[in-house]
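# Residue-level structure breakdown
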Amino acid sequence: MAEAYFPVGPGLGPEENFLSLDDILMSQEKLPGRAESNLPRLAFALGQGSGAGSGDSIPEGSKLEIPMWLAKGLHDSKRRLISVELPKIYKEAWRTVFSADANVVDLHKMGPYYYGFGSQLLNFDNPENPEIAQCILQTFINRFRRIMDSSQNAYNEDTSSLVARLDELERALFQAGQKGLNDFQCWEKGQASQITVSSLVQNYGKRKFTEMDG
Amino acid sequence: MVGERAVGLVRELQSAAGGRLPPFRAEELGQTLEEMRTLYERNQADVSEAKSGRTDLIFLIRFRHCCLLRNQRCIVAYLYDRLLRIRALRWEYGSILPNTIQFHMAAEEVEWFNRYKKSLATYMRSVGGEEGLDLTQDIKPPKSLYIEVRCLRDYGEFEIDDGTTVLLKKNSQHFLPRWKCEQLIRQGVLEHILS
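What counts as what
Position labels on residues start from 1 in each chain and follow its written sequence. Chains and ligands are labelled by the order in which they are written, letters from A for the one and numbers from 1 for the other. A pLDDT threshold of at least 70 governs which residues receive local features in this predicted model, and a stricter bar of 80 or more applies before side-chain atom pairs are shown or counted, although totals over entire chains, interfaces and linings include all residues. In computing side-chain properties, one takes all heavy atoms of the structure into account and sets aside hydrogens as well as water. UniProt positions are given in the numbering used here, feature names are shortened, and annotations may be inferred rather than shown by experiment. Domain boundaries shown here were taken from an automatic or database domain assignment. Between two residues, a contact is recorded if the distance between any of their heavy atoms is within 4.5 Å. Buried area: the accessible area, evaluated with a 1.4 Å probe, that two parts lose upon being put together, summed over both parts. Criterion for a salt bridge: a side-chain nitrogen of Lys or Arg within 4 Å of a carboxyl oxygen of Asp or Glu. In this description a helix means any DSSP run of H or I spanning at least four residues, a strand means any run of E spanning at least two, and both kinds are numbered starting from the N terminus. A 1.4 Å probe rolled over the protein chains alone gives each residue an accessible area, and that area as a share of the maximum for its type sets the label: buried under 20%, exposed over 50%, partly exposed in between. Counted as a polar contact is a pair of N or O atoms within 3.5 Å, where, for protein atoms, one must be capable of donating a hydrogen and the other of accepting one, and residues adjacent in sequence contribute only when both atoms are in side chains. For Phe, Tyr and Trp, where Trp contributes only its six-membered ring, two rings pair if their centres lie within 6.5 Å, and the inter-plane angle classes them as stacked under 30 degrees, edge-to-face over 60, or tilted in between. The pairing criterion for strands is at least two bridges between them, as found by DSSP. In this analysis an axis means a line fitted to C-alpha atoms, helices contributing only their contacting stretch, and an angle means the value between N-to-C directions, from 0 to 180 degrees.

Chain B is annotated in an unreviewed UniProt entry as DNA replication complex GINS protein PSF1 from Gallus gallus. Of chain B, the UniProt comment under Subunit (unreviewed entry) reads exactly: "Component of the GINS complex." Heading Sequence similarities (unreviewed entry) of the UniProt record for chain B holds this comment: "Belongs to the GINS1/PSF1 family."

Per an unreviewed UniProt entry, chain A goes by DNA replication complex GINS protein PSF3 and derives from Gallus gallus. Its UniProt record gives chain A the following Sequence similarities (unreviewed entry) comment, quoted word for word: "Belongs to the GINS3/PSF3 family." In its Subunit (unreviewed entry) section, the UniProt entry covering chain A states "Component of the GINS complex."

### What to know about the domain arrangement of chain B
When its domains are assigned, chain B resolves into domain 1 (4–126) and domain 2 (146–192). Look at where the C-alpha atoms of domain 1 of chain B and domain 2 of chain B centre, and you get two points 40 Å apart.

### So, the interface of chain B and chain A
It is common to give the size of an interface as the accessible area lost on bringing the parts into contact. Taken together, the contact pairs 58 residues of chain B with 53 residues of chain A. Buried surface at the junction of chain B and chain A, both sides included, amounts to about 5200 Å², of which 66% is carbon and sulfur. In this assembly, chain B and chain A are joined by one salt bridge. A salt bridge links Arg73(B) to Glu16(A); the nearest nitrogen and oxygen atoms lie 2.9 Å apart.

### Concerning the pattern of salt bridges
All names here are of chain B. Scanning the entire structure with this criterion turns up 19 salt bridges over all chains. In this structure, the salt-bridge partner of Arg-25 is Glu-12, at a minimum N-O distance of 2.8 Å. A residue pair is termed long-range when its members are at least 10 positions apart, and Arg-25 in the loop between helix H1 (4–15) and helix H2 (26–51) and Glu-12 in helix H1 qualify at 13 residues. Judged by relative accessible area, which is 28%, Arg-25 ranks as partly exposed. Take Glu-12: its relative accessible area is 24%, and that puts it in the partly exposed class.

### Some points on the UniProt feature "domain: DNA replication complex GINS protein PSF1 C-terminal" (unreviewed entry) in chain B
Under the local residue numbering, the UniProt record ascribes the feature "domain: DNA replication complex GINS protein PSF1 C-terminal" (unreviewed entry) to residues 143–194 of chain B. In residues 143–194 of chain B, helix accounts for 17% and strand for 44%; the two terminal C-alpha atoms are 11 Å from one another.

### Focus: the domain arrangement of chain A
All names here are of chain A. You can read the domains of chain A as domain 1 (18–85) and domain 2 (87–191). Carbon and sulfur atoms make up 72% of the area that domain 1 and domain 2 hide from each other, which totals about 1100 Å². Linking domain 1 with domain 2 are zero salt bridges. Summed over the shared surface of domain 1 and domain 2, the result is one residue pair in polar contact (both at pLDDT 80 or more).

### Some words on the packing of aromatic side chains
All names here are of chain A. The full count for this structure, using the stated rule, is 14 aromatic pairs over all chains. Geometrically, the ring pair formed by Trp-94 and Phe-98 is tilted, given 6.1 Å between the ring centres and 45 degrees between the ring planes. Highlighted residues: Trp-94 and Phe-98, both in helix H4 (residues 92–100), separated by four residues, approximately one helical turn. Judged by relative accessible area, which is 1%, Phe-98 ranks as buried.

### Things to note about the sheet that holds strand E4 (residues 173–177) of chain B
Residues and elements named next belong to chain B. The strand order E4-E1-E5 describes an open sheet built from three strands, whose pairing is antiparallel. The two strands at the open ends of the sheet, each matched to only one other strand, are E4 and strand E5 (190–193). The average undirected angle you get between the axes of adjacent strands in this sheet is 40 degrees. The pairing of strand E1 (residues 146–151) with E4 spans five bridges and is classified as antiparallel.

And the structure:
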């Protein structure tokens with residue numbers, strides 16, 4: 001592992017971390033919405049028009065798909081420009097699926113940032129917010145046990161089938177578990193004091209460094 | 001779509017796993033800054049129009065402002081994360097970076113690396129008494145003063161403290177003091193063998 005590299009992690013709860021790469025990619029995910037009034041020239045900017053330029057305007061009431069960062073920026077409870085709807089995975093129907101059995105759901109396919117995106121959804125005033133929050137929390141609790149178990153018991157094997165259906169937060173947890181397992185095994189074998197090559201060097205490929213000298 | 005280029009930079013960086021440093025995308029960065037400049041200028045023009053009565057432009061101004069903030073966030077996070085990776089290189093690799101890695105760095109980043117090196121060296125000299133304390137050594141707890149190492153590639157002559165030189169040829173094995181070898185092992189020249 002690259003021990004000395006500590007990236008800025010995603011934010012927890014309703015606040016994103018400004019510098020977190022994870023949060024930037026998470027807020028790029030789209031959500032459905034509706035235009036609440038005539039929006040001039042927006043079609044071109046959103047890449048949805050045929051590129052005619054300043055003539056395109058989106059009429060009131062039409063459906064839009066906008067990224068989360070734009071939704072948060074344009075959202076204003078006083079001046080109704082855009083209203084956002086919940087993506088289907090956070091709606092009533094899917095919530096019952098989650099409460100029935102959270103472990104079978106492929107969270108990676110359902111938008112790889114289920115927990116982060118869901119937490120950001122709570123920023124919009126939606127009457128279903130308490131249920132959404134409860135659902136996200138319960139899903140995490142139900143799935144966590146399996147993630148912990150599998151990460152602690154998969155040693156030196158191909159884990160792609162285990163992580164395939166996990167969302168990004170869960171994958172990070174899985175990796176943390178794997179790292180703990182590998183470090184422990186390394187210690188048990190007496191290799192903890194062995195100086196190893198820095199993984200940053202290994203990742204640059206097999207180019208011979210002697211060729212670059214001079 | 002506005003902001004795509006900036007997010008593309010972030011995406012590439014995120015997919016470079018294990019703290020690896022991908023090449024510095026100066027061109028994409030320049031294009032994003034150009035996009036920001038255009039947005040800003042258009043907003044400047046529209047704000048004065050909006051103040052004189054055209055309230056239907058307010059939405060557009062706000063939209064452009066969101067895009068500006070988004071681009072700014074992506075660029076700042078991109079540059080900051082790269083610095084974190086470069087900082088990690090000092091600790092993991094050593095104070096002299098190989099050319100392959102330097103190719104991937106912008107001139108300002110190299111400058112930053114040099115200043116960080118200097119800061120670290122000053123700090124290390126100030127702790128631990130007269131000679132200072134090399135904090136980048138002994139990352140793993142040492143078990144012995146001398147260690148067995150095998151050479152992974154031809155390195156050349158290597159001088160140890162008592163004056164003797166050792167020829168590091170590929171696959172040769174040596175019994176050397178730990179503090180001299182640590183950096184070479186981390187750089188992949190030597191391999192630490194446990195008995």
